[in-house]
Structure formats: structure tokens, C-alpha cells
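Spelled out from the first residue to the last, the chains are:
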Amino acid sequence: MDVTTRHIKYQADCDPSFPAAIKKIPGCEKLDSCIQCGTCSGVCPLSIYMDMTPRRVMNLVRYGFKKEVMASNTIWLCSSCYACTVECPREIKVTDIMYALKQMAIREKAYPRRFAMVVLANEFYKMVRSRGRVNEIHLVTRLNLLTNPLKMLGMARLGIELIRRGRFSLRPESVRDPQRIREIMEYPENGNGKEARTQ
Amino acid sequence: MRYHYFPGCSVLGTGRACEESTQAVIRELGVELKEIDDWNCCGATAYMSVDEHNALALAARNLALAEKEGATQMTTPCSGCYLVLNKTKHYIEEYPAVGNRVKGSLRKAGLNYQGTVRVRHMLDIFVHDVGLDEIKKHVKFPLKDVKVAAYYGCQTVRPYKDFDQQHFPTKIDELCEALGARSVHFPLKTRCCGGSQMGTLPSVAQRLVFAILREAKRQGANLIVSVCPLCHFNLDSYQPEIVRRFGEDVSIPCMYYTQLMGLAFGIDPKTLGLQRNLTWDRCALRKQFAPAAVGA
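No experiment lies behind these values; they were computed from the predicted model shown.

Criteria and cut-off values
- Residues numbered from 1 in each chain as written.
- Chains lettered and ligands numbered in written order.
- Predicted model: local features only at pLDDT ≥ 70, side-chain atom pairs only at ≥ 80, totals over all residues.
- Heavy atoms only, no water.
- Helix = DSSP H or I, 4+ residues; strand = E, 2+ residues; numbered from the N terminus.
- Rg over C-alpha atoms; globule rule 2.2 N^0.38 Å.
- Buried < 20%, exposed > 50% of the residue type's maximum accessible area, 1.4 Å probe, protein only.
- Contact = heavy atoms within 4.5 Å.
- Areas by Shrake-Rupley, 256 points an atom, 1.4 Å probe, with all protein chains shown as cover.
- Lys, Arg positive; Asp, Glu negative; His and termini not counted.
- Charge placed at Lys NZ, Arg CZ, Asp CG, Glu CD.
- Buried area = accessible area lost by both parts, 1.4 Å probe.
- Salt bridge = Lys/Arg side-chain N within 4 Å of Asp/Glu carboxyl O.
- Polar contact = N/O pair within 3.5 Å; in protein donor to acceptor, adjacent residues only side chain to side chain.
- Phe/Tyr/Trp six-rings, centres within 6.5 Å; stacked < 30°, edge-to-face > 60°.
- Lys NZ or Arg CZ within 6 Å of the ring centre and 35° of its normal.
- Domains from an automatic or database assignment.
- Axes fitted to C-alpha atoms, helices over the stretch in contact; angles between N-to-C directions.
- Parallel < 35°, antiparallel > 145°, perpendicular 65-115°, else oblique.
- Nonpolar A, V, L, I, M, F, W, Y, C, P; charged D, E, K, R; others polar.

1. As for the overall build of chain B
Broken down by element type, chain B carries 13 helices and 8 strands. Relative to the globule expectation of 19 Å for 296 residues, the C-alpha radius of gyration of chain B, 19 Å, shows essentially globular dimensions. Projected onto its principal axes, the C-alpha positions of chain B cover 55 × 45 × 30 Å. Burial statistics for chain B: of 296 residues in total, 66% are counted as buried. In chain B, the proportion of contacts linking residues at least 24 apart, taken out of those at least 6 apart, comes to 77%. Split by element, the accessible area of chain B, about 10,100 Å² in all, is 49% carbon and sulfur. Averaging the locations of the 36 positively and 30 negatively charged side chains of chain B gives two centres separated by 3 Å.

2. Overview of the interface of chain B and chain A
Think of interface size as the accessible area that goes away when the parts come together; that is how it is often given. Across the boundary between the two partners, chain B contributes 67 residues, which contact 65 residues of chain A. Overall, the association of chain B and chain A removes approximately 5,900 Å² of surface from exposure, summing both partners, and the carbon and sulfur fraction of that is 57%. Scanning the region where chain B abuts chain A turns up 6 salt bridges. Among the salt bridges present, the one from Asp37 of chain B reaches Arg176 of chain A, with a minimum N-O distance of 2.7 Å. For the pair chain B and chain A, the interface holds 38 residue pairs in polar contact (both at pLDDT 80 or more).

3. A few points about the packing of aromatic side chains
Using the criterion set out here, one finds 10 aromatic pairs over all chains in the structure. Between Tyr125 of chain A and Tyr47 of chain B, the ring centres sit 4.6 Å apart and the planes meet at 20°, which makes this aromatic pair stacked. Here Tyr125 of chain A, found in helix H8 (residues 116–131), pairs with Tyr47 of chain B, found in helix H2 (residues 44–50), and the two come from separate chains. In terms of burial, Tyr125 of chain A and Tyr47 of chain B fall into one category: buried. In this structure an aromatic cluster arises from ring pairing among Phe124 and Tyr125 of chain A together with Tyr47 of chain B. Note that Arg133 of chain A overlies the ring of Trp39 of chain B, its terminal NZ or CZ placed 3.7 Å from the centroid. The ring of Tyr91 of chain B is capped by Lys87 of chain B, whose NZ or CZ atom sits 5.5 Å from the centre of that ring.

4. Describing the domain arrangement of chain B
Residue and element names in this part refer to chain B. If you check the domain split of chain B, you get domain 1 (2–121) and domain 2 (137–295). Relative to domain 2, the C-alpha centre of domain 1 lies at a distance of 25 Å. Each partner contributes residues to the interface: domain 1 has 26 residues there, and domain 2 has 26 residues. Carbon and sulfur atoms make up 64% of the surface buried where domain 1 meets domain 2, a total of about 2,200 Å² over both sides. When the buried area of domain 1 at its contact with domain 2 is split by residue, Val25, Glu28 and Leu83 rank highest and sum to 23% of it.

5. Quick look at the packing of helix H10 (residues 229–237) of chain B against helix H11 (residues 239–246) of chain B
All names here are of chain B. Contact pair H10 / H11: the axes reach a minimum separation of 6 Å and the direction vectors enclose 50°. The angle between H10 and H11 places the two elements in the oblique class. In this structure, H10 contributes Leu235, Asp236 and Ser237 to the contact, and H11 contributes Gln239, Pro240 and Glu241. Residues belonging to the contact of H10 with H11 are distributed by class as follows: 2 nonpolar, 2 polar and 2 charged.

6. A word on the domain arrangement of chain A
Segmentation of chain A into domains returns domain 1 (13–107) and domain 2 (116–185). A straight line from the C-alpha centre of domain 1 of chain A to that of domain 2 of chain A covers 29 Å.

7. Some words on the environment of Tyr63 of chain A
Residues and elements named next belong to chain A. Inspection of the secondary structure puts Tyr63 in the loop between helix H3 (54–62) and helix H4 (66–71). In this structure Tyr63 comes out as partly exposed when scored by relative accessible area, which is 42%. In this structure the C-alpha to C-alpha distance between Tyr63 and Pro16, which are 47 residues apart in sequence, comes to 7.0 Å. Those residues in contact with Tyr63, other than ones at most four positions away along the chain, are Gln11 and Cys14.

Encoded structure:
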């Protein structure tokens, strides 16, 4: 094995504004107290499917390796089960850091195109913004149409079962006045300077 | 006992049985649920992935609506909704800057958030407010042949441990034993089922569910009892695909704990929405309870 091919990462390539931005988000302030024990990776039921373990992501975030973190599938595999947050001996809310990273990736469109988890999050977001409630069947249909329409063929058995059992509701659920929902989603004027999202 | 009730979007669609069984059992126990008028989606895990302020403001609208109705305690059967609503309440209190911004957004929509409503999980209401002794009094058909693997899922006890232990919760086990069933040792009881990854990355989520089903079966369970509509969907709905893919018969009947309570109380399986479960058709309890309930 030629060990000299190993890629060297330079501190100078890092982006110190990255950890600074993450640490400002509520729940993420304790990032620096990470002792790299690996408990988060050990208890994570999805870490074996990730290209980087949560422990590695914690370290890369705090040293500003933004590009590497944003390109990894780790943040999108996180299913928010909070095992890491509960077990962390340094009381770091790892799940909240994962959420902060997802938000940043979506804001900066730094994710693979047609990546199903991102499509689901965005479609869910749009549906609630326009109606105030979610219809799961509409959501899953949108998700499949936008990612892999052929996958729906494989879901025929489940679809038929759900119809047969009265669980396949196509009725779009809504609050009485969805405009009320959009109102509370605008950042108030004395907010933290973030612009109101426009969808 | 009276609680304000947040149903959540799932129970209007694929999780209908969750609501049906919860309502049936709650009526039997004499507890009153008042649905929060015009409630909206809690945001689940998807909202927090897109925008934090919007996620918290969206969930907080429900808390403010409950307050407006004079609620002191609100409850929900879905563990996802429970976590999001509870987390929102915690964040508004723990981070004043977040709280002020959320309150500001709500004010624009004519709502006032004070923080006076407690968010409770439905399971918590059953085991602590109603109590196991009271539940035992309603049992007409003790479920002596049922060996339950009690599946809590992740968000029922994490990250907040308001009503049960976090590492090895026991409340569903105790509840099932009060119904006359036996609960088996089940180390995977809080292991994640993959949640919405079943839709986005089924190859991984199916493997997570496979492990849960397999462990339950090998520990001698003949029924998995779950809490949350999403866990139930994942465990109950994909068994044929999972059996085919992993080449091992891990199929095992699944139901909501409220459905099991209803059966023990002598409530008609149809009222409990049991026919909506994909695994109900081959559940041993089906033969036992269909005739019994007709006479009851």
C-alpha cells in the first residue's frame, strides 16, 4: 500500500465561519466540548450505513471542514432517534447539530440532486406551508414522482392493502385558513436578521 | 379527567386505527378528550430539517391554540408529535431569544403564547393518571396466551424522559401485564425503526425493521405492541418484502398498545380498527376475539 497517496487536509482550507454558525443555533452550543469518545457512533443504529460516523462529523464540523461534511450522507441518514443525544457524556445535542447541518445544506443547496431525504423534507415543508396539515399518500406520491417514479410499481401490494383497509385517504387535509400558517412562518421584524423564506 | 387532544396528521390517514383504538379505550376508561380546534401539523422531523424558526413556530401554534381553549394539559397518541410539541415547549423556555421570536410570530397571527400547557404522551396518561389498578378493573378477557414484545420506538422516551426510563423503559410492559399478557425480554425496544427512511431509503430501513422483528420473535414473542403510527406502519406493513429479502420468516403480528387494551376490555375488534392492520389476518387473537366480542 502506498501511504503517500493519502489526502492531506490543511487547516488553511477550512472555514472557521462554519463551526461558528453551527454553534450559534440553539442546542448546538456545546459542540466544542466533544471528547471524540465515539459513543454517538456506537449507539447510532444507522452509523454503519453512513460514509462518515457521527463522531467524525462532530470533529470535522468543529474544525471547519465544511465541504467534507456537506458532501457526506451522514446528515441525511440521521433519522432523529436521539440515541446519541441521550448517551453523549458531554451532553452535546448531536441530533440538533445534525438538524442544523441539514438546514444549512438545504439553504445552500449543498446536497446531491434528487436526493430522496431532501425531496421529502422540502415537499413536506411545502405541503404544510400551503395547507397546514399533511396527507401522507399525497406526500409519498410526490416523493416518488420526483425521485424514482418506477419505485411506485414495487409499492402496488402495499397500496392495494391500504385501500382495502380504508387507510388510503386522498382527502387533502387542511386547517381552516392556511394563510394563518404562512403568517407565523414569516420571521418577525425583530428576528435574528434571517430573511423570511419565500417558496 | 379531561385533556386537550392533538391527533396529528398520521391518524387521519394511514394511522386511523391509532385514533380509533385510542378513542375507544379512553371512552371505556371515562377520560374526556377535547380535540384542539383547527390544530395544524406538528412539523415532524421534516420541518426541523428545513428551517428551525418555522418548525418551532408551527408547533407552537398548537400549544397557543390549546392555551386559548383554557387547556392545562394536552396529549397526543403519536410519539413524533409528542416529541416535537414537547421539544418546542422546552426550547421556548430554555432559549429566550428563540422564545421571543416564536412568540412574535404567533402574535402576528393573533395568538398569545404563555407556556401554561403541559404536553403529555397518551401512554403517560394511561399508566400514571388512569393507573394500572383502574385499567385492571376494566379487563374482561385477560390475555393469558399473549407474549408481547413491547416496542417503544425512539421518540417516546428520547430525548425527554418525562414518564419512563430511557434505557430500558417498562411502562408498556407493565401495562400489558395488567391486561394479563406476558411481556418478553426485548432489548431492541427503543431501537429506531428508521422512521421516514422507509420511504426514502428502504434498503436500510427494511434492515432496521428486520432486526426488530427477528429479535422479538427469537425472544419468544407472538405479538409486537407499538405506540407511534409511524413505527406501527414500518413494523406492520412491509413484512412480506422483508421476509423475501432476508430469506427468514420473521413475520409476527403487530398492533397498537391501545388495540391490545381494547381487546382485553372486550371492545369489538372493528371498533379498535384491527382490520386495518396488515398483520391482523394471521394474528391468533383474531380467532379468539371476533366471536367473544360479539357476545360482549
